[in-house]
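This is what each chain is made of:
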Amino acid sequence: MKKVVKFGGSSLASAEQFRKVGEIIHSDRDRKYVVPSAPGKRYSSDTKVTDMLYDCYNTAADHIDIARKLAAIQERYQEIIDGLGLDLSLDAEFAKIREQFEAQAGSDYAASRGEYLNGIVMAAYLGYEFIDAAEVIRFDEDGVFDSETTNRILQERLRTVECAVIPGFYGALEDGSIKTFSRGGSDITGSIVARAVHADLYENWTDVSGFLVTDPRIVENPETIETITYRELRELSYMGATVLHADSIFPLRQEGIPINIKNTNRPQDPGTLIVESTCRQPKFTITGIAGKKGFCAVNIEKDMMNSEIGFGRKVLQVFEENGISFEHVPSGIDTFTVLVHQSEFMEKEQSVISGIHRAVHPDTLDLESDLALIAVVGRGMRAKRGTSGRIFSALAHANVNVKMIDQGSSELNIIIGVKNEDFERAVKAIYDIFVLTV
């Protein structure tokens, strides 16, 4: 097998964590390509190296001496180097960084140095070849990631390299200027490398043992999801469940490469396997529960609405003209509801209301604010009768009033709307009925 492994910042925050990572990599000869993040927090009140770099760069932009702040960053790396017993000096690298900071090389350059330096340390520790991501990850002149050019360059570069470290999070424009992905973008680099080398598996190592069925801040010690499909993951991520950067999924899905979310601190745990499709039956009827607060419902009523051709398009066009995206559009024969983010809607609510009146002349129009949406997701729901009934029963027993329910034709997810204040109670009730109740 050929594996690409990505390690998050918490997995590389100290020499102790580095040693764990080294043991993980050397325990499996198939782990040939390593993508490191910048060092994260060593303890709760610590500062991530990327944030230290941003702060140092902004200080340089204010024409204030950065010697002390840059020295603090170098100390973080030296602590790791000394702890690993490496004969490695980053003095020349930090001299160049100081020069580039003072020349205002750009915030992307500043942010990328955390991964770049950690990649150098990781390569020295493992005895792997170091490949600067700026040489192989390409963005176009507009700063948009160029996947095909990158794939071609990476394939050629790695064809004769058996084991390599490629830093995450950044690449370069054609002229060599550094360009970063959004925060958390090391996940994307890992998936790009996995695609280029036709990996059999992409392992994403972090500080949790995979995806949890629901938010541990709401439900204490929720179960771990053993296997999840890309489609299920997309539904849960959209509703706020985050372990993996959303953009990292697409390069892997194109190639059908599975992802394994693993825990650096508990490597024995199987983690969560993310796949295109599977015959494996889920442990529970549902795969996961996720949700968000802060929605508003625009409820429109009009007799014979169903006979009016273009009614829905006219309503949604009003939202488009006001620059507001919608989340869900449940409807009935004479009713049409548009659910939107309340924070986006509030500034333009009167413009939207008047626009809808001009566009479709509704009989009534009212707003309902402070709503939460909960997604109950699972491929197992297709084969189980009465899933919606169990949800309603659980919510009724928990004294939660359901404001809206919307089920897609795929039967992969059910969206439930409740009041903000009922959100946590609703999630607990749904978890209890499907996971704790046999």
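Preceding block: the structure.
All figures in this text were calculated on a predicted structure; none of them were measured in a lab.

**Comments concerning the sheet that holds strand β11 (residues 288-301)**
For step 1, the next point in the chain: Taking strand neighbours across the sheet as the criterion, the 6 strands line up as β12-β13-β11-β14-β16-β15 in an open arrangement whose pairing is antiparallel. Each edge of the open sheet is held by one strand with a lone partner, namely β12 (326-328) and β15 (404-407). For this sheet the average axis-to-axis angle between neighbouring strands, irrespective of direction, equals 40°.
For step 2, the next point in the chain: Packed onto the sheet, helix α14 (residues 387-397) meets β14 (364-377), β15 and β16 (413-419) and runs at close to 20° relative to β16.

**Notes on empty space enclosed by the protein**
Rolled over the atoms, a probe as big as a water molecule pinpoints where empty space is left.
For step 1, the next point in the chain: This model, assessed by the stated rule, comprises 1 cavity of 30 Å³ or more.
For step 2, the next point in the chain: When its volume is computed, the largest cavity comes out at roughly 50 Å³.
For step 3, the next point in the chain: If you trace the largest cavity, you find it lined by Phe145, Ser147, Thr150, Asn151, Ile192, Arg195 and Pro251.
For step 4, the next point in the chain: Of all elements in the fold, only α7 (147-158) and α8 (186-196) reach the threshold of two or more residues within the lining of the largest cavity.
For step 5, the next point in the chain: Of the residues contributing to the lining of the largest cavity, the split by class is 3 nonpolar, 3 polar and 1 charged.

**Description of the side chain of Ser37**
For step 1, the next point in the chain: Mapped onto the secondary structure, Ser37 falls in the loop between β2 (31-36) and α2 (49-61).
For step 2, the next point in the chain: Overall, the relative accessible area of 7% leaves Ser37 in the buried class.
For step 3, the next point in the chain: Of the polar contacts made by the side chain of Ser37, one reaches the side chain of Ser186; its length is 3.3 Å.
For step 4, the next point in the chain: Beyond its immediate sequence surroundings of up to four residues, Ser37 is in contact with Lys6, Phe7, Gly8, Gly9, Leu12, Glu115, Asn118 and Ser186.

The rules we used
Sequence positions are assigned chain by chain, starting from 1 and proceeding in written order. Where local features are concerned, this predicted model is filtered to residues with pLDDT of at least 70; where side-chain atom pairs are given and counted, the filter is 80 or more; whole-chain, interface and lining totals use all residues. Heavy atoms from the whole structure form the basis of all side-chain values; hydrogens and water molecules are not counted. Whether two strands pair comes down to DSSP finding at least two bridges between them. Strands here are runs of E lasting at least two residues and helices are runs of H or I lasting at least four, both read from the DSSP assignment and numbered beginning at the N terminus. Only the contacting stretch of a helix is used when fitting its axis, a line to C-alpha atoms as for every element, and angles between N-to-C directions run 0 to 180 degrees. Here, two residues are considered to be in contact whenever any of their heavy atoms come within 4.5 Å of each other. With a 1 Å grid spanning the protein atoms alone, the term cavity applies to any set of points in which a 1.4 Å probe fits but cannot get out, the term pocket to an open set with protein on both sides within 12 Å along at least five of seven lines, and the term lining residue to any residue with an atom within 4 Å of a point. Grid points are joined across faces, edges and corners, and a volume is the space filled by probe spheres set on the points. Only Asp, Glu, Lys and Arg are considered charged in this grouping, and only Ala, Val, Leu, Ile, Met, Phe, Trp, Tyr, Cys and Pro are considered nonpolar; every other residue, Gly among them, is considered polar. Relative accessibility thresholds used throughout: buried, under 20% of the residue-type maximum; exposed, over 50%; partly exposed, between the two (1.4 Å probe, protein chains only). Here a polar contact means two N or O atoms within 3.5 Å. Within protein one must be a hydrogen donor candidate and the other an acceptor candidate, and residues neighboring in sequence count only if both atoms are side-chain atoms.

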